[in-house]
Amino acid sequence: MSLRDITLDDIEALAVGAWVLGTGGGGNPYLPLLNMRALYREGYRCQLMSSDDLDDDDWVGTVANMGAPLVGQERLTDSLTLARAVTVMEKHIGRRFRALMSMEIGGANGVRPFMAAAHHKLPVVDSDTMGRAYPEAQMTSVAVGGLTPYPLTAVDVRGFESIVHKVPTWKWTERVGRKICVEYGSVAATCQPPRTGAEVKRWGIHGTTTKAIAIGAAVREAQRTHDDPIAAILNVEPGKLLYKGKVIDVARRATEGFLRGVVRFDGLDDWRGSAMTINFQNEWIVAFRDEKSVAMTPDLICVLDSVSGEAVGSETIRYGQRVTVIALPPPAVFLSERGLQHVGPRAFGYDLEFRSVFSSPLPASGERPGEGLVRRTATAVTEAQPLTPTLSPQAGRG
């Protein structure tokens, strides 16, 4: 078995890259990064392992925070709280984990498993269950695979500990877990339903931590050499440039443990005179350009600071920011018919027929990049208007 020693420089790059893959959600990785800096100063170290090195009967703990990213900026989660969620799970199932892994590589949740792993002295598997960030528990590769949706542990800094012992479906995992999270104050540290080594190898999305580190390293190097950080990302990932503009309006609110809303942009450079609107539920879900949908989940919609190349989250985006919007390809598991039922636009309440940016022809001559890449059904025009965000607490819920 080969273990990769993770340096603090790797963690710094991971924080940057995971934020890009967070597609607006997963929480700002800056606070977990501060935790990791403190842990490394205290002598803690972490290692990364390949899922191929797991035995089929090994047990793997899946770590994540649950809640609204905006609340997470005020109600902080420390490394000991995350480690306690893992401890509660181990006691509940009567087994010791061989390793930990990310539920979602996107945002702060891409860094948090290392916070828990440092205390438990366990390696982190180079895999996750989303390949990005999604807001709900059923929006994972293991849910698409029909794996067992329980148990789940949730804890917080005040000492609360809750266990979801058994539920019938992944949507019930989300509903019950979300209710606990809301009662905690809309943020909780969780250990998601544990997985065997065989399940991780079959249904995990592999190499995602390494991918995030590579993206972050490319951005940081471009910043150091004063090169274009957006181009640096597109050099290491097969993405597409969709839009450049500035933020002219943000409407958002925390409701039912989510951050929902809409952000509007005015075009710059080649996109001058063109407007973009992105609707979000923690993550960027659907992007409209001049009232026509141009990108949607499960494609990764990434809003980046045009100067630094670092991601902008749904909880941090603000009026006047100059941003570049790119799309990155999704994991293949979510492009299946069953995968789209879990994470396609209809899973979030949008009556849109999914068509990937990456299965579309290049823009015709005279057409700006990203234009006309996603078609909508006839009813989508009236039911998914970009200027009227869906803020219903039930949007995207089962």
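Scoring rules and cut-offs
Residues numbered from 1 in each chain as written. Predicted model: local features only at pLDDT ≥ 70, side-chain atom pairs only at ≥ 80, totals over all residues. Heavy atoms only, no water. Buried < 20%, exposed > 50% of the residue type's maximum accessible area, 1.4 Å probe, protein only. Helix = DSSP H or I, 4+ residues; strand = E, 2+ residues; numbered from the N terminus. Pairing = 2+ DSSP bridges. Axes fitted to C-alpha atoms, helices over the stretch in contact; angles between N-to-C directions. pLDDT = per-residue confidence, 0-100. Contact = heavy atoms within 4.5 Å. 1 Å grid on protein atoms, 1.4 Å probe; cavity = no way out; pocket = protein on both sides within 12 Å on 5 of 7 lines; lining within 4 Å. Points joined across faces, edges and corners; volume = space filled by probe spheres on them. Nonpolar A, V, L, I, M, F, W, Y, C, P; charged D, E, K, R; others polar.

> So what exactly am I meant to see when it comes to the pairing of strand β13 (residues 275–281) here?
Every other side chain in a regular strand lies on the same face of the sheet, so the side chains alternate between the two faces. Within β13, 6 of the 7 residues are buried, which leaves it mostly tucked inside the rest of the structure. Of the strand pairs in this sheet, strand β12 (residues 258–267) and β13 are connected by 7 bridges, and their pairing is antiparallel. For F265, the partnering residue across the bridge sits in β13 and is M276. Bridge analysis of β13 against strand β14 (residues 283–289) gives 6 bridges, and the strand direction is antiparallel. Across the sheet, the residue bridging to F280 is W284, located in β14.

> Just checking my understanding: could you explain the sheet that holds strand β16 (residues 300–305) for this structure?
What links the strands of a sheet is backbone hydrogen bonding, and the strands pair in either a parallel or an antiparallel sense. The sheet built from 7 strands is open, its strands ordered β15-β14-β13-β12-β11-β17-β16 with antiparallel pairing. Each edge of the open sheet carries a strand with a single partner, namely β15 (292–296) and β16. Averaged over all neighbouring strand pairs, the angle between strand axes comes to 35 degrees, with direction disregarded.

> What's the story with the confidence of the model for the protein in this structure? I'm lost.
Note: predicted coordinates in regions of low pLDDT should not be interpreted at a detailed level. When pLDDT is averaged across the protein, the result is 89; 89% of the residues are at 70 or more. Considering only residues more than four positions removed or in separate chains, one finds that residues 361–398, a stretch of pLDDT under 50, has 99 contacts.

> Is there a simple way to think about the environment of G267 in this case?
With respect to the element layout, G267 can be found in strand β12. Each C-alpha atom of the pair G267 and T324 lies 9.8 Å from the other, and the pair is 57 residues apart in sequence. Apart from the residues within four sequence positions on either side, G267 is in contact with Y243, K244, G245, R272, G273 and S274.

> Teacher, can you tell me more about the layout of surface pockets here?
Unfilled space is identified by rolling a water-sized probe across the atoms. Of the pockets and cavities examined, the largest pocket occupies roughly 480 Å³. In terms of lining, the largest pocket is formed by 38 residues, of which the most central are G26, G27, N65, N109 and R112. Listing elements by their share of the lining of the largest pocket, those giving two or more residues are α2 (30–41), β3 (59–67), α3 (69–72), α7 (170–184) and β9 (187–196). The element that contributes the greatest number of residues to the lining of the largest pocket is α2, accounting for 5 residues. Here the lining of the largest pocket is built from residues that sort into 16 nonpolar, 13 polar and 9 charged. In terms of lining residues, the second largest pocket is bounded by 19 residues, among which V16, W19, N28, Y30 and E310 are the most central. Mapped by element, the contributors of at least two residues to the lining of the second largest pocket are α1 (8–21), α2 and α9 (208–225). A total of 4 residues in the lining of the second largest pocket trace back to one element, the largest contributor, which is α1. Grouping the constituent residues of the lining of the second largest pocket by class yields 8 nonpolar, 5 polar and 6 charged.

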